[in-house]
Amino acid sequence: MYQTLLFDIRDSICTITINRPDKMNALNKDVFTELDQAMDEVYRNDAIRSVIITGTGAKAFVAGADITEFSALNKDEAMALAKRGQDVFFKIENSYKPVVAAVNGFALGGGCELAMACHFRLCSENAKFGQPEVNLGLIPGYGGTQRLTQLVGKGRSMELQMSAKLVDAAEALQIGLVNYVTSPEGLLEKTKEILTLINTKAPIAIGKVIDCINTAVVSDSAYTNGKSGYDKEVEAFGDCFDTADMKEGTTAFLEKRKAVFTGK
Ligand code: COA
């Protein structure tokens, strides 16, 4: 079905694997088209509760935007490319289902931006992160200037994006770019373990947590609809009281049994 991705659903977890191993899984136009379609499927398909995004092979998560596509672009086309990339990554960030990056090697440029658009990140010991665009006379265009700043703070983001320095797994953990570091063999297993736990919780509540937390860090007024995160939290808290899952969760607690959520 896809030419540049592998798409697998198992135990309610969808694994999307960027699959251009001969090009270090670089993001070309086709990958963006298919990632967009894959996220539409994630939104639509009730069999999917959560998502892992990873890359094929042991060397790269994604080594960046496909640089071979840059040489022919003029200014307007470059702006359209950045806008397109940002829109696909917003679709990941704004997903009501958790999307987690399992970073299995180089996550450079657009690859680091893809990982940062996910809700959180794990990486293997051989992972390397970076925004090396200034080496090419460029800047990040798929949200990297914003999301790296949100994740690691202004000073570190400034230094990393001005110096093009790469960050190894241990430093990524230390500065909060990833939540866990694992062995390469253990990466998907650990990611699935975390998502299996999250998948036992009430799906509507999970979606509202994502939405409210995004509002705390996203400055795009089109997304926040002019509302503060606190406003959204009040509304979302109230909305939960209209769900069957909230009734089930509170009743199960009082009856000293495990809640069984239905996503309603
Ligand atoms: N765009 C297009 N092709 C890319 C790519 C990218 N971002 N990153 C890697 N590739 C291609 C290489 O051109 C090479 O293709 P070829 O075999 O047809 O020549 C293949 O992937 C393997 O990469 P190679 O550079 O030979 O591997 P390496 O192990 O020596 O180095 C990297 C790995 C990731 C350090 C190196 O490929 C690199 O620096 N890539 C670019 C990173 C970057 O600047 N990203 C930001 C883009 S905005």
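You'll find the structure just up there.
Summary of the structure given here. (Residues numbered from 1 in each chain as written. Predicted model: local features only at pLDDT ≥ 70, side-chain atom pairs only at ≥ 80, totals over all residues. Heavy atoms only, no water.)

Following the criterion strictly, the structure yields 15 salt bridges and no others. Taking the shortest distance from any N to any O, the salt bridge between lysine 91 and aspartate 36 comes out at 2.7 Å. With lysine 91 in helix α2 (residues 75-93) and aspartate 36 in helix α1 (residues 29-44), this pair connects stretches of sequence that are 55 residues apart. We classify aspartate 36 as buried; its relative accessible area is 16%. (Salt bridge = Lys/Arg side-chain N within 4 Å of Asp/Glu carboxyl O. Helix = DSSP H or I, 4+ residues; strand = E, 2+ residues; numbered from the N terminus. Buried < 20%, exposed > 50% of the residue type's maximum accessible area, 1.4 Å probe, protein only.)

Between helix α3 (residues 110-117) and helix α4 (residues 144-152), the shortest axis-to-axis distance is 10 Å and the interhelical angle comes to 55°. In terms of their interaxial angle, α3 and α4 are classed as oblique. Of the two possible hands of crossing, α3 and α4 adopt the one that is left-handed. Contact residues: α3 offers Glu113, Met116 and Ala117, while α4 offers Gly144, Arg147, Leu148 and Leu151. Residues of the contact of α3 with α4, tallied by class, amount to four nonpolar, one polar and two charged. (Axes fitted to C-alpha atoms, helices over the stretch in contact; angles between N-to-C directions. Parallel < 35°, antiparallel > 145°, perpendicular 65-115°, else oblique. Left-handed = near helix turned anticlockwise from the far one by under 90°. Contact = heavy atoms within 4.5 Å. Nonpolar A, V, L, I, M, F, W, Y, C, P; charged D, E, K, R; others polar.)

With that out of the way, let us pick up the site of the ligand. If you check the shell around the ligand, you find 15 residues, and the closest are Lys23, Lys59, Ala63, Ala65 and Ile67. Within the side chain of lysine 59, a nitrogen or oxygen atom sits 2.4 Å from an oxygen atom of the ligand. In the environment of the ligand, a nitrogen atom lies 3.0 Å from a nitrogen or oxygen atom belonging to the backbone of alanine 63. For the ligand, whose accessible area on its own is 860 Å², the fraction buried by protein is 59%. By residue class, the composition of the shell around the ligand is nine nonpolar, one polar and five charged. (Near = heavy atom within 4 Å. Polar contact = N/O pair within 3.5 Å; in protein donor to acceptor, adjacent residues only side chain to side chain. Areas by Shrake-Rupley, 256 points an atom, 1.4 Å probe, with all protein chains shown as cover.)

This brings us to the packing of aromatic side chains. Evaluated as defined, the whole model comprises five aromatic pairs. Between tyrosine 2 and phenylalanine 7, the ring centres sit 5.5 Å apart and the planes meet at 40°, which makes this aromatic pair tilted. You can call tyrosine 2 buried: its relative accessible area is 12%. Where phenylalanine 89 meets tyrosine 142, the ring centres are 5.8 Å apart and the plane angle is 80°; that geometry is what we call edge-to-face. Of the two residues, phenylalanine 89 is situated in helix α2 and tyrosine 142 in the loop between β8 (128-130) and α4; the sequence distance between them amounts to 53 residues. A relative accessible area of 6% places tyrosine 142 in the buried class. Taken together, the aromatic side chains of Phe32, Phe89 and Tyr142 make up a single cluster linked through ring pairs. The ring of tyrosine 180 is capped by lysine 190, whose NZ or CZ atom sits 4.8 Å from the centre of that ring. (Phe/Tyr/Trp six-rings, centres within 6.5 Å; stacked < 30°, edge-to-face > 60°. Lys NZ or Arg CZ within 6 Å of the ring centre and 35° of its normal.)

Backbone-to-backbone hydrogen bonds join strands into a sheet, with any given pair of strands oriented parallel or antiparallel. The strand order β4-β6-β8-β9 describes an open sheet built from four strands, whose pairing is mixed. Either end of the sheet is taken by a strand with one partner, and the two such strands are β4 (60-62) and β9 (167-168). Of the strand pairs in this sheet, strand β6 (residues 106-108) and β8 are connected by three bridges, and their pairing is parallel. When the sheet's bridge partners are listed, phenylalanine 106 is paired in β8 with lysine 128. (Pairing = 2+ DSSP bridges.)

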